[in-house]
Amino acid sequence: MSRPPAPFTDSPGSPPKRLSSAYFQVAVMSCASHGALLLFDWVHGGQHLGVLFSALLVSVILAALLAWGWLPLHLLRGALAWSLPVWVLALVAVAAIQTGQVPAPYFLTLAIVTAVLRATLPARPAARATLALMTAAGGVVLGWAPDQTPLLINAAFLAGLIGFLAEHGVTLHAERQYSEALRVLAATDALTGTLNRRGGEVALKALMQEARLGQVAALLLDIDRFKGINDRFGHAVGDEVLAQVARAAGRAAGPDVTVIRWGGEEFLLAWSAVQIGRAHV
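What you see is a predicted model, and the numbers here were worked out from it, not measured in a lab.

## Some points on the overall build of the chain
Then, number 1: Secondary structure assignment for the chain yields nine helices and three strands.
Then, number 2: Walking the chain from its N terminus toward its C terminus, one meets helices and strands in the order α-α-α-α-α-α-α-β-α-α-β-β.
Then, number 3: Of the accessible surface of the chain, which amounts to about 17200 Å², a share of 66% is contributed by carbon and sulfur atoms.

The following block contains the structure:
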């Protein structure tokens, strides 16, 4: 039976599974990018082989743990929130102190780490962690590699932009979910779970537009002596009868039917792209 989607269930699977899948995809992308960077560095002199190989190894281990479900998400959040900032700050500090220069990719890594923090921590802790990371990196760069201050400024701007986009995206997503929930509620009969008359009229127009490729069959059902059910057994029983009739009609008509509560005890069933002679309940 065709029914509108339930509010706030816009993707399959539970939230933990979706989050784990998202982390796994990030880990796979990290494996691919670090593998490519490692190969490029090896071909062009191998100046950062140790760092890139360690990053690739961590990415592979993380992807494997997520793929096999051996890493609880709360531990992953904590590990990412603490280890990544320390790791990238150590890279920047070692490069600046030893050579007086920080490789340009490290500044991009700073911004990427802030994106990971935004994705894994609540808004305020993520903002504090990002501020602390950028402040510490700024102190290192100004102290040992001042010529690269413009790169630091660009990294700070990119980190701020990531934070703004993250907050804007969350707000926009929440507004879209709320609007979708209102749309579903406006088109759904709360008692039977079918389309109400308003939603049904929209659905019928869509079916009629599809009639160019086939035909539309419709059947109007009415529950006889329904008032007597309410008078004798009460409205609670009457409501249950309405719900059961809607479910039974949908099962009998097949999976492609659109069920609409047309009136008090009236239901309209509609099929699209069927032969009239084959329409049955």
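## Structural notes on the pairing of strand β3 (residues 266-272)
Then, number 1: Of all seven residues in β3, five are buried, a share of seventy percent or more.
Then, number 2: Two strands pair when backbone bridges link them, and strand β1 (residues 216-222) and β3 are joined in this way by seven bridges, in the antiparallel orientation. Along β3, the bridge assignment pairs D222 with E266.
Then, number 3: Here four bridges tie strand β2 (residues 258-261) to β3, and the two strands are oriented antiparallel to one another.

## What about unusual backbone geometry?
Then, number 1: A positive phi angle is found at R225, which is not glycine, with a value near 50°.
Then, number 2: Tracing the backbone shows R225 in the loop between β1 and α8 (226-233).

## Quick notes on the packing of α8 against helix α9 (residues 235-253)
Then, number 1: Across the interface, α8 lies against α9 with an axial gap of 7 Å and an inter-helix angle of 140°. On the basis of the axis angle, α8 is oblique to α9. Packed against α8, whose contacting residues are F226, I229, N230 and F233, the element α9 presents H235, V237, G238, V241 and L242 at the interface.
Then, number 2: Partitioning the contact of α8 with α9 into residue classes produces six nonpolar, three polar and no charged.

## Some points on the sheet that holds β2
Then, number 1: Spatially, the three strands line up as an open sheet ordered β1-β3-β2, and their pairing is antiparallel. Each edge of the open sheet carries a strand with a single partner, namely β1 and β2. Neighbour-to-neighbour, the strand axes of the sheet open up by a mean angle of 20°, direction not taken into account.
Then, number 2: Contacts from helix α7 (residues 197-209) reach β1, β2 and β3, with the element oriented near 145° to β2.
Then, number 3: This element, α9, spans β1, β2 and β3 of the sheet and lies at about 20° to β3.

## Observations concerning the side chain of T114
Then, number 1: Inspection of the secondary structure puts T114 in helix α4 (residues 104-120).
Then, number 2: Excluding anything up to four places from it in sequence, T114 contacts T130, L133, M134, A159 and I162.

## Regarding the nonpolar core
Then, number 1: Counting residues in hydrophobic clusters, the biggest one holds 34 residues, and the most contacted among them are L76, V92, V102, Y106, F107, L110 and V113.
Then, number 2: Put simply, the parts of the chain that give this core at least two residues each are α1 (15-43), α2 (49-67), α3 (73-99), α4, α5 (123-144) and α6 (149-187).
Then, number 3: The leading source of residues in this core is α3, at 11 residues.
Then, number 4: Once residues lying within four places of it in the same chain are set aside, the contact partners of V113 are L84, P85, V88 and L133.
Then, number 5: One finds A217, A246, F267 and W271 within the second-largest nonpolar core, a separate group that totals 12 residues.

## Comments concerning a nonpolar patch on the surface
Then, number 1: Taken together, the side chains of L39, W42, V43 and L49 present a nonpolar region at the surface, about 430 Å² in accessible area.
Then, number 2: Element by element, the count of residues in the nonpolar patch is highest for α1, at three residues.
Then, number 3: Checked against the element boundaries, V43 lands in helix α1.
Then, number 4: A residue is classified by how much of its surface remains accessible, and V43, at 53% relative accessible area, is exposed.

## Let's talk about the pattern of salt bridges
Then, number 1: Taken as a whole and judged by the stated rule, the model has four salt bridges.
Then, number 2: The closest approach of N and O atoms between D189 and R261, which form a salt bridge, is 3.2 Å. Of this pair, D189 sits in the loop between α6 and α7 while R261 sits in strand β2, placing them 72 residues apart in sequence. Neither D189 nor R261 differs from the other in exposure class; each is buried.
Then, number 3: The partner of E240 in a salt bridge is R247, and the shortest N-O contact between them spans 3.6 Å.
Then, number 4: Take E240: its relative accessible area is 40%, and that puts it in the partly exposed class.

Conventions we followed
- In this convention, every chain numbers its residues from 1, walking through the sequence in written order.
- Only residues with pLDDT of 70 or above have their local features reported here, since the model is predicted, and side-chain atom pairs are shown and tallied only from 80 upward, although totals for entire chains, interfaces and linings are computed over all residues.
- Note: side-chain values were computed over all heavy atoms of the structure, leaving out hydrogens and water.
- Numbering of helices and strands starts at the N terminus; helices are DSSP runs of H or I of at least 4 residues and strands are runs of E of at least 2.
- Computed by Shrake-Rupley with a 1.4 Å probe, the accessible areas treat only the displayed protein chains as cover when residues are assessed.
- Exposed residues in this analysis have more than 50% of their type's maximum accessible area, buried residues have under 20%, and partly exposed residues fall in between, with area computed by a 1.4 Å probe over protein chains only.
- In short, DSSP must find at least two bridges between two strands for them to pair.
- Axis lines are fitted through C-alpha atoms, for helices just across the contact stretch, and the angle between N-to-C directions can take any value from 0 to 180 degrees.
- Under this scheme an angle from 65 to 115 degrees is roughly perpendicular, one under 35 degrees roughly parallel, and one over 145 degrees roughly antiparallel; angles in between are oblique.
- By the convention used here, residues are in contact when the closest approach between their heavy atoms is within 4.5 Å.
- Residues are grouped as follows: nonpolar covers Ala, Val, Leu, Ile, Met, Phe, Trp, Tyr, Cys and Pro; charged covers Asp, Glu, Lys and Arg; every other residue, Gly included, is treated as polar.
- Grouping buried Ala, Val, Leu, Ile, Met, Phe, Trp, Tyr and Cys residues that are joined through side-chain atoms within 4.5 Å yields what is termed a nonpolar core.
- Patches in this entry comprise residues that are over 30% relatively accessible and not in a salt bridge; like charges within 9 Å are linked, as are nonpolar side chains (Val, Leu, Ile, Met, Phe, Trp, Tyr) within 5 Å.
- Salt bridges, as used here, are contacts in which a Lys or Arg side-chain nitrogen is within 4 Å of a carboxyl oxygen on Asp or Glu.

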